[in-house]
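Structural overview for review
Residue-level listing of the chains:
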Amino acid sequence: MQEFNKTIGVSAFNKLESSQNTKWQTTPLDLATKKHYTDALQSCIICNSCRYCEGLCAVFPAMEKKREFDLRDMDYLANLCHQCSECFYDCQYAPPHEFNVSIPQQFATIRQDSYKKYAFLGFLSRAFDKNAFLTSIVLVLALFLGFVLASGFEYSSISNRGDFFAVIPYDYMVGVFGVVGAFSFLALVVGSVRFSRAIELQRVPVSAFLQSIKDTIFLKYLGGHKDEGCTYPHDKRTNIRKIYHHLTAYGFLFCFIATNLGAVWTHCLDLHAPYDFTQAPKIFGFIGGILLCLGTIGLLFAKIEADEEIKDKNSISMDYALIAMLFVSSFSGLALMVLKETFLISYMLYFHLSSVLAFFVMMPYSKFVHIFYRFIALLKYNTDEFYAQMEHK
């Protein structure tokens, strides 16, 4: 039976690979990646025959619309999956069964592979993929050393304490972040466009777009069946992972708002930093930093505690690196608020800016892109549902 099951996966993969349009791939599939797709493909074939989990989330209704799968279908389904893991605990063919149906773990692997396939400048993706922690640490240290060398090892004077732009000139700071930010934005856009074209996203009707926005904002598919919570990190239902995602997402959004408010106040209102705690940029930045710290710590412990069967060992280091960079960026910002009146302001500012810049560089090549890929997958799912309903009217 096990050999028969392997034959299903391998033969189906060989068939789909021979007809696959690799136009949007930036790197060819290696042997390990082919095995990832083969394992996931044979699980999808079994799932499509069983259909026990069809009411759990969007993945299985989308899967059931296909009689055969190609690589783009696998990328789409993997990014539509929110890894709630309920299907794993419900499945009679999950490990240790010889069929080895493990959708959460196998789709997590495919997601990571898809980030590399559609990435802008694939060599950077491979650098982070091979050793995310080491690459991130080296990047932060290199940027920090660059700031220190550029400063000539000078401490901020007493009169300049609290004034970041007395430590680093405003034009220089804006120029550096403008270049890095533009690169990250370009890389995110290119990867997202490649992915959306590869999965053949149709013209999106307004109702499908609004539904996708709603599903994303409220993290619908992290709520589990009937919003009772998902079975992550263990088989007991809980909404804790959804809560941690909300804290992280809205913390990041608040920090983004704070940065843009600072720009508006500087250029439009002629109100210059530093701001005090009664002013909007500082309020949003402080709240955002707290939310990010709480959310990332929660996600880290949830990931550590998660059952080994639902973890993807190939991408776990990248997940930890992203969580760590988000935490370090937010915590160093909060520490900078506390230490800005001390002689440490210069080096704390250098470290905070280095961590944020390193995060910007790694964004397009880390799990951060799942925000965009998952939204695009939701767009495709809701669009396909819309047109299917229109056909039946």
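A short tour of the structure in this document, coming up.

Analysis parameters
- Residues numbered from 1 in each chain as written.
- Predicted model: local features only at pLDDT ≥ 70, side-chain atom pairs only at ≥ 80, totals over all residues.
- Heavy atoms only, no water.
- Disulfide = S-S within 2.5 Å.
- Buried < 20%, exposed > 50% of the residue type's maximum accessible area, 1.4 Å probe, protein only.
- Phe/Tyr/Trp six-rings, centres within 6.5 Å; stacked < 30°, edge-to-face > 60°.
- Helix = DSSP H or I, 4+ residues; strand = E, 2+ residues; numbered from the N terminus.

Tallying each qualifying case throughout the model produces 0 disulfides. Unpaired in this structure, Cys44 has its nearest cysteine sulfur neighbour in Cys47, at a distance of 6.1 Å. Cys84 takes part in no disulfide bond, and the closest cysteine sulfur, belonging to Cys57, lies 5.6 Å away. The exposure class assigned to Cys84 is buried, which follows from its relative accessible area of 10%.

If you walk through the whole model with that rule in mind, you get 21 aromatic pairs. Seen from their ring centres, Phe277 and Phe286 are 5.5 Å apart, and the 85° between their planes marks the pair as edge-to-face. The partly exposed category is assigned to Phe277, whose relative accessible area is 48%. What makes Phe286 partly exposed here is its relative accessible area of 35%. On the numbers, 5.7 Å between centres and 80° between planes, the contact of Tyr347 with Tyr350 is edge-to-face. Here Tyr347 and its partner Tyr350 are both found in helix H15 (residues 345-362), 3 residues apart, which amounts to about one turn of the helix.

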